[in-house]
Amino acid sequence: MPVVTMTEQARPTPSGDGRSTASRGGRRLLAALAGLLAAAVALGIAELVAALVGPASSPVVAVGDAAITLTPEPVKSFAIRTFGENDKIVLILGTLVVIALYALVIGLVGLRNRRLGVVGIALFGLVGVVAALTRPAGGVLDGLPSLVGAVAGAFALLALLAPLQLPAPAGATSGPATARDADAAPVAVDRDGLAGRLRDALGAGDRKGAGMDRRRFFLSSGVAVGVAAVAGGGGRLLQQRFDVAGERSDLVLPRPASPAPALPAGADLAADVDGLTPLFTPNREFYRVDTAITVPQISPSDYRLTLTGMFDSPRSYTLDDLFGRDDLIERDVTLTCVSNEVGGRLAGTARWLGVPLGAFLRENGVRDGSDQLVCTSSDGMTIGAPTRSALEVDDAMLAFGMNGEPLPVEHGFPVRMLIPGLYGYVSACKWLTRIEATTFAAFDPYWVERDWAAQAPIKVFSRIDTPAPLRAFPAGRRPIAGVAWAQTRGISRVEVRVDDQDWTEADLSPQVDADLWRQWVLPYDFAPGRHEVTVRATSADGETQTEERARPKPDGASGWHSIQVISR
Ligand SMILES: Nc1nc2c(c(=O)[nH]1)N[C@H]1C(S)=C(S)[C@@H](COP(=O)(O)O)O[C@H]1N2
Ligand SMILES: [Mo]
C-alpha cells in the first residue's frame, strides 16, 4: 500500500482545521463502531427488560414477527421452501444485519450531529415499540423493552461519541493526552486506504491522535460491550423462566378410552430398506411450520380453551378438564403442509392422543349455521377449519399427546387441533386457546387473508425417498422406495416408472389406517447409466395422482415426483 511520509507543514490537509483526512476517516470508523455498540447496548438492555415482560416483547423478536406478518406471501413461501425449519434463524439473522447497518449509519450521523443520532435511536426504538404493540397477542407492557432499550442506546451513543468530538480549534489544547503531540512530525499517512483509516482509528502508525480521546473511547466501548453482553446474555437466561419444558415433562398423560389399533406385523418397511422414511416420525424429526419466532410457552395450569360464537352452550376448559374426559382417543395420523413441494418433506406421522373433536363440539351445541371454526392460538394465529370436517372426520381431535409424550412445545403444547385429510394451515392450530364457531363469509383467517385457499383437502401424493437423486450407486438390484398419502381416503396403489418402460406396481406397507401414509418399495435391476424414476399413487377411492404440475399456492402442490439417478 502506498504510504507517504511527510510532515504536517510540508503538506497542509484540505480540511482547513489542520487535521488529516485520514484521521477524519478514523473518526468516522470509530463513530460507526459507536453506533453499532449503542445498538448492542439497546438490544441487550431490551432483552433484560423482556425478561420481565415476556420473550415475545424483545424488539428483535417483535420486529421479526412484524416482518413475518408484513412479508409478501411469495417471499414467505420461498423462505419456508428454502430454509425450512431454519426460516426463523435466517429471519433473526436478517433482522440483526439490518439493525447493524442502521446502527453504523446512526453512529456516522451522530458524529456530525448528536441530536440527529439520538433521534435515529429513538426511531429505532419506536419501530420496536410499534412492532411489539401490534402483535396479535401484544399488550401495552410489550412496548417497554424497546422503550427502555432505546433510552439506554441513546445514552450509550452520546457517551461513545463524546471522546470522538474534536476539541475547539484555536488554542484549546487542554484536551486529552493523546492530542498532546498534535503537531508532531513526521506522520505516516495513507490518505485514502481503509487500512490507513483503520490504523488511524486504532492509533497505530499515527502518533498524532487527531484531537480525539481514543483511550476514553475504547474504555467506553469496553463498558458498552460489557453492558450489552451481560444485559443481553442475562436477559436471555432470565427469559427462560417463561419456559414450560419442566412443567411439560412433569405432566402425566391420561390413558385413552380408545387406544390406537394394533399395528400389523411388518408394518414398518423402513427396517429393511435403507433411506426409506420410517412409518412413525420421531418428535424431534417432525417437520415444523409456523410463524412463531419465540415458541409460545403456555403453563399447563394456566391453560384455558375458550369457545365462542355459534355455540348453544359454550364452556371453557382447563387442561385437567380435557385430560379427565372418558372418551379420549389415540390415533395414528399423517400431517402435511400445504407448502410441501412435489417430492417435499413437510409431512410426518405420529401417534396422537386427545379429545374426539366431533363429540366435543356437539356437547357444546355447535349450531348448524356455522360452517367455519376459527381456531386462535396464544400468539394470535388464526386457522379456519370447516365445521363439517371437524364434526364428521373420524379421528379429528384436540390433541395433547404425540408419540407417547405431551405435545412438544414447538408442536403446540399443551393442545392443538388435528383434522385428518386437511392441510395443517386449515386444521392443525397449535397452542390452541380459542375456537370460534362462525362462517367462511364472516371471517378470513391468517393464511386466507394471504390468498391461500379457504378450503384445502390434502391431494394424493407420493414421494421417492431412495435412491437419492444424482448420487451414483453401483448398477444392479436395489429398492426404489418412498411414501404415499391421501389422508381419510388411504392409498391403494403406487406405481413406478423407470425411463420409458411401463408403470410397475410397488409393494405397499400393510394398511394401518386411511389417515396414515403408506410406504412403498419396488426392487429394481438398474443397468449402468442414467435413469429417470417417476412415481404416482392412487387413493383407495380410485383417484390417481395427477401429472399436472401445480405450485403449493393456493391449495397444495400436485404433479408426479420424478428424479434422475445414476448407476455405474
Ligand atoms: N399457532 C399456529 N398453528 C399452526 C401454524 C402456525 O403458524 N401457528 N402453522 C400451521 C401449519 S401451516 C402447519 S403445516 C402445521 C404444522 O404443524 P407442525 O409444526 O407440528 O408440523 O401447523 C399449523 N398450525
Ligand atoms: Mo402448513
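That block above? That's the structure.
Residues numbered from 1 in each chain as written. Chains lettered and ligands numbered in written order. Predicted model: local features only at pLDDT ≥ 70, side-chain atom pairs only at ≥ 80, totals over all residues. Heavy atoms only, no water.

Trainee: Help me understand the packing of aromatic side chains in this model?
Mentor: Per the stated rule, a full pass over the model turns up 13 aromatic pairs. Put simply, the rings of Phe-286, Tyr-287 and Trp-352 pair up and form one aromatic cluster. Over the ring of Tyr-317 we find Arg-315, and its NZ or CZ is 4.5 Å from the ring centre. When the ring centre of Phe-473 is taken as reference, the NZ or CZ atom of Arg-478 above it lies at 4.2 Å. (Phe/Tyr/Trp six-rings, centres within 6.5 Å; stacked < 30°, edge-to-face > 60°. Lys NZ or Arg CZ within 6 Å of the ring centre and 35° of its normal.)

Trainee: Help me understand the sheet that holds strand S16 (residues 504-505), please; the structure alone is not making it clear to me.
Mentor: The pairing of strands in a sheet comes from backbone hydrogen bonds and takes either a parallel or an antiparallel form. The sheet built from four strands is open, its strands ordered S16-S15-S19-S20 with antiparallel pairing. Either end of the sheet is taken by a strand with one partner, and the two such strands are S16 and strand S20 (561-567). As judged from the two bridges shared by strand S15 (residues 491-498) and S16, these two strands associate in the antiparallel manner. Pairing of Val-496 across the sheet is with Thr-504, part of S16. (Pairing = 2+ DSSP bridges. Helix = DSSP H or I, 4+ residues; strand = E, 2+ residues; numbered from the N terminus.)

Trainee: Any chance you could explain the pairing of strand S18 (residues 518-526) here in plain terms?
Mentor: Each regular strand carries side chains that alternate between the two faces of the sheet. Where burial is concerned, most of S18 is hidden: seven out of the nine residues are buried. Pairing between strand S17 (residues 507-508) and S18: two bridges, direction antiparallel. Paired with Leu-508 across the two strands is Trp-520, which belongs to S18. (Buried < 20%, exposed > 50% of the residue type's maximum accessible area, 1.4 Å probe, protein only.)

Trainee: I'm lost on the nonpolar core in this one. Help?
Mentor: Burial of nonpolar side chains together is a common tendency in soluble globular proteins. Grouped together as the largest cluster of nonpolar side chains are 77 residues, with contacts concentrated most on Trp-352, Phe-360, Leu-398, Leu-432 and Ile-435. The contacts of Phe-360, once residues within four sequence positions are left out, are Leu-305, Leu-307, Tyr-317, Leu-322, Arg-325, Val-355, Leu-398 and Ile-435. (Core = buried A, V, L, I, M, F, W, Y, C linked by side-chain atoms within 4.5 Å. Contact = heavy atoms within 4.5 Å.)

Trainee: Even after reading the chapter, I still don't get the packing of helix H2 (residues 59-70) against helix H5 (residues 114-133), so can you show me in this structure?
Mentor: Two numbers describe a pair of packed helices, the interaxial angle and the distance between the axes. The geometry of H2 relative to H5 is characterised by a closest axis approach of 8 Å and an angle of 65 degrees between their N-to-C directions. Here H2 is positioned roughly perpendicular relative to H5, judged by the angle of their axes. Considering the relative orientation of H2 and H5, their crossing is left-handed. The residues of H5 that touch H2, namely those facing Ala-62, Val-63 and Ala-66, are Val-127, Gly-128, Ala-131 and Ala-132. (Axes fitted to C-alpha atoms, helices over the stretch in contact; angles between N-to-C directions. Parallel < 35°, antiparallel > 145°, perpendicular 65-115°, else oblique. Left-handed = near helix turned anticlockwise from the far one by under 90°.)

Trainee: Would you take a moment to explain the side chain of Ser-377 for this structure?
Mentor: If you trace the backbone, Ser-377 turns up in strand S7 (residues 372-377). A polar side-chain atom of Ser-377 sits 2.2 Å from a polar atom in the side chain of Asp-379. With residues near it in sequence (within four places) discarded, Ser-377 still touches Cys-429, Lys-430, Trp-431, Leu-432 and Thr-433. (Polar contact = N/O pair within 3.5 Å; in protein donor to acceptor, adjacent residues only side chain to side chain.)

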